[in-house]
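Here is what each chain is made of, one letter per residue.
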Amino acid sequence: MKTMQPLILILIAQTCCAALLEAQSPNLIGRWNVEIAFADGTKRSLRFDAQNAGKGTLLLLDPMLSKWGPATPSEAKWAPADQNSVTFSGTVEFPIGNVGRDAGTLMFKGKFETESLITGQVEFSPLVGGSPSKTGTFKAIRARGG
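Residues numbered from 1 in each chain as written. Predicted model: local features only at pLDDT ≥ 70, side-chain atom pairs only at ≥ 80, totals over all residues. Heavy atoms only, no water.

Draft legend 1. View of the environment of Thr87. With respect to the secondary-structure elements, Thr87 resides in strand S5 (residues 85-96). Looking at Thr87, the relative accessible area reads 24%, which means it is partly exposed. Apart from the residues within four sequence positions on either side, Thr87 is in contact with Lys77, Trp78, Ala79, Ala81, Phe108 and Lys109. (Helix = DSSP H or I, 4+ residues; strand = E, 2+ residues; numbered from the N terminus. Buried < 20%, exposed > 50% of the residue type's maximum accessible area, 1.4 Å probe, protein only. Contact = heavy atoms within 4.5 Å.)

Spelled out as structure tokens, the structure:
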């Protein structure tokens, strides 16, 4: 009986530690380089800076912005979803040629593939006009030092 007690305690400790490890999801906080591929074939790049308390910023990275001037970060929000999943969203203004901008909200729903890679679905909902939403996929890679 005396040899069974330590064995039982070790098994309980291992079970508790395993449960704690499984419950922890990867940490989103940091800088992410995000590549978007919409179903219509257009591609976009942006940077997502995830901060504490579900806050963050989105910054569009687009060569067309050289004609408009530098992009400014917009407010973003994020939240953990199911285990290893996350959602984040924010507003952006995609340049349209030399004359216009397509303003809307991006909603990302992704899953951590590794600690430094998130993949998933994205939807762009225009803020004005009768344009339909666009859907696609995204890949977010943690930036070095981020």
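Draft legend 2. Inspection of the sheet that holds strand S7 (residues 117-126) at higher detail. Taken together, the eight strands give a closed barrel; going around it, the order is S1-S2-S3-S4-S5-S6-S7-S8, and neighbouring strands pair in antiparallel fashion. For this sheet the average axis-to-axis angle between neighbouring strands, irrespective of direction, equals 30°. Relative to S5, strand S4 (residues 74-80) is paired through five bridges, and the arrangement is antiparallel. Bridge assignment links Trp78 to a residue of S5, and that residue is Phe88. (Pairing = 2+ DSSP bridges. Axes fitted to C-alpha atoms, helices over the stretch in contact; angles between N-to-C directions.)

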